[in-house]
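A structural walkthrough
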2 protein chains.
Amino acid sequence: MSNKRKYVYYFGGKKADGKARMKGLLGGKGANLAEMVNIGIPVPAGFTISTEVCTYYYDHKKKYPKELKAQIIASLKKVEKRMGAKFGDVKNPLLLSVRSGARASMPGMMDTILNLGLNDETVKGLIEKTNNPRFAYDSYRRFVQMYGDVVLGLKPEDKHAEDPFEVILHQKKKKYGFKLDTELTAEHLKELVEEFKAEIKNKTKHDFPTDPIDQLWGAVGAVFGSWMNERAIIYRRLNNIPAEWGTAVNVQSMVFGNMGEDSGTGVAFTRDPANGENVFYGEYLFNAQGEDVVAGIRTPHPILELKKESPALYKKLDHYRDILEKHYREMMDVEFTIQQGKLWMLQCRVGKRTGFAAVKMAVDMVKEKLITKEEAIARIEPNQLNQLLRPIFDNTEKQKAIGEGRLLAKGLNAGPGAASGKVALNAHDAEVMAAAGDKVILVRIETSPEDIKGMNASEGILTARGGMTSHAALVARQMGKVCVAGCSALKINYKDKTVGVEGSNISLNEGDYISIDGTTGEVIEGKLESKPSDVIQVLISKTLKAKQSSVYQTYNSLMKWADSIRKLNVRTNADQPDQSANALAFGAEGIGLCRTEHMFFGGDRITAVRKMIVSDSLEERKAALAELLPLQRSDFEGIFKVMNGRPVTIRTLDPPLHEFLPHSASEISELAAELNISEKKLKDKIESLHEFNPMLGFRGCRLGVAFPEITEMQARAIIEAAVNISKKGIKVSPEIMIPLVSHIEEFKLQEDIVRRVANEVMKEKGKKIKYLVGTMIELPRAAITADEIATRAEFFSFGTNDLTQTAFGLSRDDAGKFLPLYVERDILPSDPFEALDQSGVGQLVEIATKKGRSSRKDIKVGICGEHGGEPSSVEFCHRVGLDYVSCSPFRVPIARLAAARAVLNGNSVKKKGKSKGKQKKSSKRK
Amino acid sequence: MSNKRKYVYYFGGKKADGKARMKGLLGGKGANLAEMVNIGIPVPAGFTISTEVCTYYYDHKKKYPKELKAQIIASLKKVEKRMGAKFGDVKNPLLLSVRSGARASMPGMMDTILNLGLNDETVKGLIEKTNNPRFAYDSYRRFVQMYGDVVLGLKPEDKHAEDPFEVILHQKKKKYGFKLDTELTAEHLKELVEEFKAEIKNKTKHDFPTDPIDQLWGAVGAVFGSWMNERAIIYRRLNNIPAEWGTAVNVQSMVFGNMGEDSGTGVAFTRDPANGENVFYGEYLFNAQGEDVVAGIRTPHPILELKKESPALYKKLDHYRDILEKHYREMMDVEFTIQQGKLWMLQCRVGKRTGFAAVKMAVDMVKEKLITKEEAIARIEPNQLNQLLRPIFDNTEKQKAIGEGRLLAKGLNAGPGAASGKVALNAHDAEVMAAAGDKVILVRIETSPEDIKGMNASEGILTARGGMTSHAALVARQMGKVCVAGCSALKINYKDKTVGVEGSNISLNEGDYISIDGTTGEVIEGKLESKPSDVIQVLISKTLKAKQSSVYQTYNSLMKWADSIRKLNVRTNADQPDQSANALAFGAEGIGLCRTEHMFFGGDRITAVRKMIVSDSLEERKAALAELLPLQRSDFEGIFKVMNGRPVTIRTLDPPLHEFLPHSASEISELAAELNISEKKLKDKIESLHEFNPMLGFRGCRLGVAFPEITEMQARAIIEAAVNISKKGIKVSPEIMIPLVSHIEEFKLQEDIVRRVANEVMKEKGKKIKYLVGTMIELPRAAITADEIATRAEFFSFGTNDLTQTAFGLSRDDAGKFLPLYVERDILPSDPFEALDQSGVGQLVEIATKKGRSSRKDIKVGICGEHGGEPSSVEFCHRVGLDYVSCSPFRVPIARLAAARAVLNGNSVKKKGKSKGKQKKSSKRK
């Protein structure tokens with residue numbers, strides 16, 4: 001035996017074969033079941049079939065390793081012994097649950113079979129054991145239905161088609177005039193079992209398997225099979241879970257929460273998963289199966305009520321909560337069942353949470369000395385910070401709406417934040433409406449895994465049924481969506497596509513506006529304006545004092561820790577003094593990209609810009625540029641003042657000139673009059689600027705090469721502004737950036753202009769300042785010849801948007817025809833315009849960085865594409881040794897956190913109580 | 001002295017300081033003057049100031065090295081001694097010429113001063129010496145004029161403005177009623193000298209320098225200065241001559257060909273530079289200055305006439321010709337002067353020649369055992385082969401035109417080939433007309449260096465004056481242009497922009513068609529169709545037997561030698577069986593690129609293609625594709641048959657679909673009717689296919705990924721065709737190429753389809769064939785991840801057109817706005833769409849080749865972009881180790897020759913008589 005590979009891991013009593021660290025092999029559920037056993041928490045005995053069997057299964061045409069059978073039989077024996085019952089025994093039958101359990105949680109994605117082991121004989125044993133024929137037959141009919149649906153494949157592929165067993169059940173109730181399942185007697189349920197079996201025979205041409213061992217193999221096969229169902233594949237893609245991981249199968253003794261009023265079932269979180277408060281949080285139902293709670297069919301009671309209903313049970317549960325939090329040093333999500341007064345823990349795992357809660361719990365646990373600040377940072381996905389920055393409804397406006405009678409209902413505050421959008425009544429409509437540019441609130445009776453894509457496309461999710469741990473609530477929190485769940489007053493009619501409200505005449509149609517407050521659970525008719533979050537109110541609006549907001553304080557602690565760890569600098573992309581000030585409030589350490597052309601659109605400037613473009617001669621062009629000079633200069637003065645000595649990277653004119661000209665006939669006619677030229681001349685000019693591929697056209701430094709006077713004007717505006725501000729005693733640190741360089745000679749020409757003008761200005765003004773001249777690296781040729789370019793350029797800034805477009809040969813504007821397909825079919829791991837394509841475009845970044853440093857050791861290297869605020873891309877930038885990332889102001893905190901996590905991912909995270917001496921203080925890159 | 005750097009190199013008598021190999025230091029002219037002295041050819045003594053002085057001059061703000069003065073004085077002493085005259089001596093003055101002499105010949109580009117050393121005193125010595133006051137004053141006035149123009153800068157910058165000295169000269173002649181310069185007497189010329197000097201004083205406020213040493217320094221400075229004049233800069237750019245090379249200055253004793261009827265001057269080639277025949281070829285004039293011959297002012301006599309006029313001189317000259325050819329083992333171009341009966345050689349250099357002549361001479365010299373075949377190949381610029389392939393006029397049509405009286409005149413056959421185009425009467429007009437897409441014949445009285453750009457823009461050049469060695473003839477041959485020179489019957493009126501013909505009423509206007517035959521010298525009114533060259537007639541038209549054409553035989557010898565040397569395979573880009581057959585005749589070894597979409601446009605196919613595009617469903621699309629299948633298959637069958645086992649690379653559908661749809665309203669309406677769909681639907685479809693950047697849009701393998709059925713159909717057509725042909729006993733070797741791959745996953749998807757379909761077809765047909773599946777590397781991301789892609793791709797073919805576009809971020813269609821400027825201003829060394837950008841795009845090619853071979857050692861790597869037929873790019877492909885290049889059929893011979901030269905450039909060329917054992921036979925790359 002010892003030579004053979006171990007595929008099956010027993011757990012039960014006080015000792016398990018596995019442990020928490022064996023998640024890769026046992027899946028999350030199996031590993032944690034083993035761990036609970038090991039730390040003395042009562043768990044129904046069972047065994048885990050390892051993920052290696054899943055891998056083997058798919059590598060060997062759905063065959064199992066030959067050792068498996070004997071190992072399962074051996075473990076089953078141990079389970080029988082521990083639970084004092086026998087699988088298939090007609091007197092004292094052991095019943096089993098068979099569930100999937102992957103390394104990463106995939107809630108509801110794969111199949112589960114309960115009550116396995118029942119047949120016409122063992123059901124009698126169950127009756128004898130429980131003295132409850134109705135319970136026994138109800139268990140039996142549930143098992144046959146589940147087995148028929150899942151293992152034998154009777155569940156219709158079309159999600160809108162009816163389950164054949166539900167049809168039979170419905171007819172049965174109709175026949176007897178019943179409304180509820182609970183009205184059915186044991187005899188009715190027994191009839192149903194026979195009718196279900198007949199349906200199976202009819203559909204599959206095979207008898208329902210009566211041998212419990214056959215049932216077990218069937219169920220195990222179904223769980224492995226469900227690893228490759230469509231839902232699971234989509235979920236893995238959305239969550240970047242590799243298919244090679246496989247799932248484990250957990251076979252566990254059944255315990256029943258529906259054995260009467262001394263039985264029950266529940267789920268709980270060791271802390272509040274919505275706001276992160278350190279209170280026991282959960283729900284339970286007496287006389288119910290666990291699936292009833294999770295599926296949201298009945299609305300359960302808050303866990304604190306259990307304290308009153310059964311203080312002893314509550315005390316035990318709270319004790320286990322304490323053991324688990326101390327042991328795991330994490331907020332845990334547990335499932336429990338009370339079978340005839342005995343409390344069993346069925347599952348525990350790290351609990352999902354809102355970004356809000358994630359930040360609060362991590363910061364609290366550091367303060368409680370449960371974890372280190374490094375662990376805290378490692379636990380927070382940078383994008384979760386969004387939730388602290390996200391707008392909330394303005395309370396006055398909301399109260400006004402409520403005063404007007406627009407409060408439709410109140411549900412559970414399952415996903416915080418405020419969202420307003422058009423009602424969509426199914427996932428497909430939500431996707432279509434979102435694709436058309438609408439903000440959407442997905443409104444469902446309850447959600448199911450089939451709805452994931454629609455949920456992802458929506459701003460918020462509103463459900464009529466289900467609790468804080470329902471599918472809708474779990475998934476919404478994970479996605480960072482606003483969610484109000486269990487809003488039972490809503491009367492949703494899928495057929496008419498309407499939403500009614502109990503006790504009201506109001507009826508909304510699909511497409512009407514609705515607003516939901518995921519922090520309070522309020523559902524309001526119509527559109528509501530939102531307002532800034534606490535953090536924003538402290539930092540940007542300055543309408544709230546830091547001390548008054550615990551959310552801000554939590555945010556602030558986290559950011560300080562992140563800053564103490566990260567090595568990357570974080571700058572911002574900003575074009576205006578006010579934007580720059582916001583970015584500073586978010587912790588930006590400089591401006592990485594100031595697009596001068598954004599300034600060209602404001603006020604009267606566009607007229608001067610247009611004059612410049614339609615000029616026939618150098619003189620005319622220079623005259624138009626002279627009008628722009630003071631305007632640009634004053635913009636730069638404003639920015640330099642705000643940035644107060646921090647580096648400010650200013651890019652010279654980049655977009656193709658036709659972007660500044662109008663295209664409609666009326667606008668052309670107007671502009672021609674304004675510029676005092678003929679319409680024909682203007683049209684000809686516009687025509688002459690037309691390009692087949694504007695992305696690859698006359699733009700970037702090509703403009704400055706053809707019209708050096710533009711670069712001259714801009715260089716003058718920058719240096720004059722810098723000198724003026726410097727004369728006021730404020731430090732300035734301008735970095736002038738030449739865009740779209742493909743060849744060192746282009747850079748040289750532009751650099752020469754900048755340096756000449758700078759010298760002139762400094763001489764005129766009698767004051768010298770320091771400044772740098774560098775370039776965007778946004779073309780593959782520039783990346784590949786970065787060693788040449790760095791002989792002159794003092795800094796590089798990767799324009800990864802254009803670098804992605806050119807490296808892939810992919811126009812962002814045109815990619816809509818095929819890029820979604822590419823992501824959907826896993827041709828590309830993700831949209832390369834969202835997350836940097838590390839293996840392709842990233843290689844160019846790495847090559848250019850190395851080559852650049854080979855010619856100029858201290859060259860400053862950063863990134864200013866939109867990837868600069870995307871966490872995985874920020875980590876990449878850290879790994880390849882950039883000096884800074886630059887992103888939009890609101891993403892600065894996310895980038896700061898991602899930069900810190902990058903450091904921790906490079907090292908191993910220091911854990912509380914396991915540190916080996918003090919970690920070196922890391923200094924930021926210069 | 002020995003510690004000091006040597007800047008000045010003396011030559012004269014039997015011994016010179018320099019030699020031919022010192023071209024870098026002494027320039028071509030100086031090195032060859034030295035060499036001639038060393039091999040016993042009489043050369044007027046002189047000295048060469050090295051190119052290092054030029055470099056020093058420009059590096060040190062136009063100052064000379066301090067040693068220079070003494071070295072010049074010392075050399076001058078030796079010259080005086082050798083020539084028996086003294087510089088500045090009033091009795092026996094030594095006169096000097098001062099000329100530039102760069103490493104590479106730059107005919108007429110830089111300044112020259114003759115007769116230097118004359119002043120009011122020394123002119124008397126000259127009179128005494130020659131007893132010819134008219135000659136002496138004519139020399140003097142020429143010197144003052146030249147010195148005034150060149151050294152003192154009186155020559156107007158505006159080339160249309162009149163030379164002030166010519167104005168004075170003109171007035172003088174007018175005053176005396178003279179028509180010709182020769183009518184002026186010594187006294188008149190003496191007056192002119194004074195008037196010229198007065199003009200100089202007037203314009204420069206300085207007296208004309210009388211001290212010969214001052215004159216010498218002025219002239220030396222002017223020559224160095226002319227290295228940076230605009231003409232010279234343009235010439236260097238056109239000919240890729242680096243500015244750093246600098247020019248040398250040759251100071252040489254004057255000898256005079258205009259000292260009377262026992263004096264003369266001439267230029268000659270040791271073989272015929274037009275057709276390459278081994279006959280002495282040249283022209284001379286008695287009683288003339290050398291400049292008179294070169295400038296084409298008088299039409300000189302053929303050298304063979306000298307044999308009659310002066311057998312002794314001819315014999316001497318023919319003897320020198322023999323010495324020179326044996327010594328240089330090359331066709332040499334010489335200038336000579338006879339001064340009062342004594343023959344002096346003034347210059348020798350390797351002679352310029354037509355492509356025609358280059359090939360013939362090289363092949364002949366191998367047969368004469370003068371050079372090795374490797375040397376022969378090294379001497380022929382691959383593009384010169386064009387002249388052997390270039391069309392000629394159809395003789396019947398030409399004779400008919402002549403019969404109709406359209407033969408306008410006959411000139412010298414200065415540049416072979418046939419050209420027809422619109423008359424342009426100045427270089428600027430020629431450029432403008434050519435830019436507008438017209439074929440242009442530049443018609444000038446004579447050409448000058450200012451006309452170079454216009455000549456380059458024209459198909460052919462026709463001049464009224466000047467001989468075979470005139471500026472027009474020399475430059476045209478070098479450029480490979482058709483040229484008829486010295487066609488004195490033409491009466492060209494620049495002002496009216498008309499061309500009249502002596503003795504005829506015909507008058508052509510600018511813009512009228514004219515045809516010139518550079519092989520016969522005929523000038524014909526109107527447009528004439530041309531017909532294929534001898535080589536084409538043998539290879540393609542098969543209207544001429546190989547034995548009957550010596551041109552073909554020469555071509556064939558050369559190609560055989562090239563094939564024995566080259567390692568690169570040469571394939572062709574061809575889409576049709578007849579194209580493929582042509583390419584085979586040119587020596588193609590396979591097809592490197594067969595664009596399947598070219599087949600989509602023929603006949604009814606376009607309708608099926610359009611049906612496919614507008615299909616709403618998979619079924620409709622498949623039905624349309626089914627119509628295309630037999631058509632594509634039969635195309636491929638034709639190609640496989642012709643190629644007879646040679647590899648055929650077929651690219652699956654590449655262009656964006658909108659390229660197949662019409663865009664005008666009438667065409668849309670027609671097509672809608674044809675396809676039986678509404679116009680609106682068709683318009684919507686066209687609209688939906690519109691792209692902002694089609695170059696970066698929905699094309700290449702993206703089509704096959706979105707519509708796998710297209711790839712399926714194409715794979716089926718290819719494999720069915722291959723199997724069908726194979727069944728006929730003909731070998732087939734298909735290579736299926738997936739375009740625009742950016743990521744390995746795209747390739748995998750397409751490869752899987754191809755292999756699946758291939759297996760199906762081979763099973764259906766019961767016959768297996770070998771085939772490869774590979775990819776274009778035409779996107780930077782593909783190049784950079786070539787190691788991944790090569791895990792699946794069996795070959796790479798670099799699509800350097802698109803790779804250039806994406807690496808530079810440069811749309812070929814839009815680059816017209818700035819790319820010409822980039823080339824003109826030397827920002828880019830050349831148009832990267834013509835010659836591969838080796839330092840940027842080339843790096844990507846190199847990286848991808850290395851990475852590809854790191855995953856798949858034997859991966860076949862080629863290039864199929866238009867660079868595959870451009871000689872410098874072919875050499876690059878050899879250097880980085882590609883297996884083959886592929887180019888258009890007519891460029892195949894050029895690529896074969898370039899590939900051979902690449903091998904020779906890698907090794908050192910084996911020279912006749914210096915070989916060390918037999919060279920290893922090189923085997924082609926597989």
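Calculation rules
- Residues numbered from 1 in each chain as written.
- Chains lettered and ligands numbered in written order.
- Predicted model: local features only at pLDDT ≥ 70, side-chain atom pairs only at ≥ 80, totals over all residues.
- Heavy atoms only, no water.
- Helix = DSSP H or I, 4+ residues; strand = E, 2+ residues; numbered from the N terminus.
- Rg over C-alpha atoms; globule rule 2.2 N^0.38 Å.
- Buried < 20%, exposed > 50% of the residue type's maximum accessible area, 1.4 Å probe, protein only.
- Contact = heavy atoms within 4.5 Å.
- Pairing = 2+ DSSP bridges.
- Axes fitted to C-alpha atoms, helices over the stretch in contact; angles between N-to-C directions.
- Patch = residues over 30% accessible without salt bridge, like charges linked within 9 Å, V, L, I, M, F, W, Y side chains within 5 Å.
- Areas by Shrake-Rupley, 256 points an atom, 1.4 Å probe, with all protein chains shown as cover.
- Salt bridge = Lys/Arg side-chain N within 4 Å of Asp/Glu carboxyl O.
- Lys, Arg positive; Asp, Glu negative; His and termini not counted.
- Charge placed at Lys NZ, Arg CZ, Asp CG, Glu CD.
- Core = buried A, V, L, I, M, F, W, Y, C linked by side-chain atoms within 4.5 Å.
- Least-squares fit on C-alpha atoms with pLDDT ≥ 70 in both.
- Buried area = accessible area lost by both parts, 1.4 Å probe.
- Polar contact = N/O pair within 3.5 Å; in protein donor to acceptor, adjacent residues only side chain to side chain.
- Nonpolar A, V, L, I, M, F, W, Y, C, P; charged D, E, K, R; others polar.
- Phe/Tyr/Trp six-rings, centres within 6.5 Å; stacked < 30°, edge-to-face > 60°.
- Lys NZ or Arg CZ within 6 Å of the ring centre and 35° of its normal.
- pLDDT = per-residue confidence, 0-100.
- Parallel < 35°, antiparallel > 145°, perpendicular 65-115°, else oblique.
- Left-handed = near helix turned anticlockwise from the far one by under 90°.
- Expected span 1.5 Å × (residues − 1).

As a further point, take the overall build of chain A. Helix and strand content of chain A: 36 helices and 34 strands. In terms of overall dimensions, chain A is globule-like: its C-alpha atoms have a radius of gyration of 32 Å, near the 29 Å expected for 926 residues. Considering only C-alpha atoms, chain A reaches an extent of 105 × 65 × 55 Å along its principal axes. The buried share among the 926 residues of chain A stands at 58%. Counting contacts in chain A only where the partners sit at least 6 residues apart, residues at least 24 apart contribute 69% of the total.

Our focus in this paragraph is the environment of A:Leu749. Structurally, A:Leu749 is set in helix 29 (residues 744-765). Here A:Leu749 falls in the partly exposed class, since its relative accessible area comes to 33%. Considered as a pair, A:Leu749 and A:Ala574 are 175 residues apart in the sequence and their alpha carbons are 27 Å apart. Aside from chain neighbours lying at most four places away, what touches A:Leu749 is A:Val705 and B:Ile827.

All names here are of chain B. Taken in spatial order, the 8 strands line up as 26-27-28-29-30-31-32-33 and close into a barrel, and their pairing is parallel. Averaged over neighbouring strand pairs, the angle between their axes works out to 30° when direction is ignored. Bridging between strand 28 (residues 647-651) and strand 29 (residues 733-738) involves 5 bridges; their strand directions are parallel. Note on strand 29: the bridge partner recorded for valine 648 is proline 734. Across the face of the sheet, helix 29 (residues 744-765) comes into contact with strand 29 and strand 30 (772-777) while running at roughly 150° to strand 30.

Let us look at a positive patch on the surface. Together, A:Lys14, A:Lys81, A:Arg82, A:Lys316 and A:Lys342 make up a region of like positive charge exposed at the surface. Note on A:Lys342: relative accessible area 39%, which makes it partly exposed.

Residues and elements named next belong to chain A. With respect to topology, 5 strands assemble into an open sheet ordered 11-10-9-12-13, the strand pairing being antiparallel. Across the chains shown, the open sheet's two edge strands, defined by having one partner strand only, are strand 11 (301-302) and strand 13 (342-350). Pairing between strand 12 (residues 332-339) and strand 13: 8 bridges, direction antiparallel. Paired with phenylalanine 336 across the strands is methionine 345, a residue of strand 13.

This next bit is on the nonpolar core. One finds A:Tyr555, A:Leu558, A:Phe640, B:Tyr555, B:Leu558 and B:Phe640 to be the most contacted residues of the largest nonpolar core, which totals 306 residues. Leaving out residues up to four positions away in the same chain, B:Leu558 has contacts with B:Val359, B:Val363, B:Ile377, B:Ile380, B:Leu385 and B:Leu897.

This part covers a negative patch on the surface. Residue and element names in this part refer to chain A. Taken together, the side chains of Glu157, Glu230, Glu431 and Glu824 define an acidic patch exposed on the protein surface. Topologically, glutamate 230 is positioned in helix 9 (residues 230-239). Overall, glutamate 230 belongs to the exposed group, its relative accessible area being 61%.

Here we take up the relation of the copies chain A and chain B. The two copies are related by a screw operation: chain A maps onto chain B through 180° of rotation and 0.0 Å of translation along the axis, at an RMSD of 0.1 Å. Both chain copies can therefore be described as sitting about a two-fold axis. No C-alpha of chain A lies nearer the rotation axis than that of A:Asn693, which sits 2.1 Å from it. Take the interface residues of chain A: 100% of them recur as interface residues in chain B, which is what a same-surface contact looks like.

A separate point is the interface of chain A and chain B. Contact with chain A, which involves 51 residues of that partner, is made by 51 residues of chain B. Approximately 4200 Å² of surface area, both sides summed, lies buried where chain A meets chain B, with 58% of it carried by carbon and sulfur atoms. Among the residues of chain A in contact with chain B, A:Leu696, A:Arg781 and A:Lys817 are the three that bury the most area, contributing 15% of the side total. Applying the counting criterion to the chain A and chain B interface returns 32 residue pairs in polar contact (both at pLDDT 80 or more). In terms of residue class, the side of chain A that touches chain B is built from 24 nonpolar, 14 polar and 13 charged.

As a further point, take the pattern of salt bridges. Scanning all chains against the criterion turns up 114 salt bridges over all chains. Salt-bridge contacts for A:Glu735 lead to A:Arg571; the nearest nitrogen and oxygen are separated by 3.0 Å. Of this pair, A:Glu735 sits in strand 30 (residues 733-738) while A:Arg571 sits in strand 27 (residues 569-573), and the two are 164 residues apart along the sequence. Assessed through its relative accessible area of 1%, A:Glu735 is described here as buried. Here B:Glu597 ties to B:Arg651 by a salt bridge, and the two come within 2.8 Å at their closest N and O atoms.

Take the packing of aromatic side chains next. Here the structure, examined in full by the defined rule, presents 39 aromatic pairs over all chains. With 5.2 Å between their ring centres and 85° between their planes, A:Tyr57 and A:Tyr58 make a pair best called edge-to-face. A residue is classified by how much of its surface remains accessible, and A:Tyr57, at 8% relative accessible area, is buried. Residue class for A:Tyr58 comes out partly exposed when judged on its relative accessible area of 25%. Look at B:Tyr147 and B:Phe208: their rings are 5.4 Å apart centre to centre, the planes differ by 75°, and that puts the pair in the edge-to-face class. One end of the pair, B:Tyr147, is in helix 5 (residues 133-151); the other, B:Phe208, is in the loop between helix 7 (186-204) and helix 8 (212-226), and 61 residues separate them in sequence. Residues B:Tyr147 and B:Phe208 agree in their burial class; the two are buried. What links up through ring pairs into an aromatic cluster is the set A:Tyr57, A:Tyr58, A:Tyr64, A:Trp217 and A:Phe224. Cation over ring: A:Arg571 sits above A:Tyr884, and NZ or CZ is 3.9 Å from the ring centre. Note that B:Lys342 overlies the ring of B:Trp344, its terminal NZ or CZ placed 4.5 Å from the centroid.

What follows is about the pairing of strand 12 of chain A. Residues in a regular strand point their side chains to alternate faces of the sheet. Residues and elements named next belong to chain A. In terms of burial, strand 12 is a largely internal element, 8 of the 8 residues being buried. Taking every second residue as pointing to the same face, both faces of strand 12 are buried, with Met332, Val334, Phe336 and Ile338 on one and Asp333, Glu335, Thr337 and Gln339 on the other. Bridge count for strand 9 (residues 264-269) against strand 12 is 6 bridges, and the pairing is antiparallel. Bridged to glycine 266 within strand 12 is phenylalanine 336. Once strand 12 ends, the chain turns through 2 residues before running back antiparallel as strand 13, passing glutamine 340 with a positive phi of about 45°.

So, about the confidence of the model for chain A. All names here are of chain A. Per-residue pLDDT for chain A has a mean of 90; in total, 95% of the residues score no lower than 70. Between residues 914-923, whose pLDDT stays under 50, and residues either more than four places distant or in other chains, the model counts 10 contacts. The ipTM value of the predicted complex is 0.80, and its pTM value is 0.80.

With that settled, consider the packing of helix 13 (residues 355-367) of chain B against helix 21 (residues 550-565) of chain B. Residues and elements named next belong to chain B. Two numbers describe how helix 13 lies on helix 21: the axes approach to 9 Å, and their chain directions differ by 70°. The angle between the axes of helix 13 and helix 21 places the two elements in the roughly perpendicular class. Helix 21 is crossed by helix 13, and the crossing has left-handed handedness. Residues Phe356, Val359, Lys360, Val363, Val366 and Lys367 of helix 13 form the contact with helix 21, whose participating residues are Val551, Thr554, Ser557, Leu558 and Trp561. Across the contact of helix 13 with helix 21, the residue classes tally to 7 nonpolar, 2 polar and 2 charged.

On to the environment of B:Ile524. Residue and element names in this part refer to chain B. Within the secondary structure, isoleucine 524 is located in strand 24 (residues 522-525). The exposure class of isoleucine 524 is buried, given its relative accessible area of 0%. As a C-alpha pair, isoleucine 524 and histidine 428 span 96 residues in sequence and 23 Å in three-dimensional space.

Another aspect to go through is helix 28 (residues 708-727) of chain B. Between its first and last C-alpha atoms helix 28 of chain B spans 28 Å; for 20 residues at 1.5 Å apiece the expected length is 28 Å, and the two agree. Most of helix 28 of chain B sits out of view: 16 of its 20 residues are buried.

All names here are of chain B. Positive phi, normally seen in glycine, also occurs at lysine 205, with a value near 65°. Checked against the element boundaries, lysine 205 lands in the loop between helix 7 and helix 8. Although it is not a glycine, leucine 740 sits at a positive phi angle of roughly 55°. In this structure, leucine 740 sits in the loop between strand 29 and helix 29.

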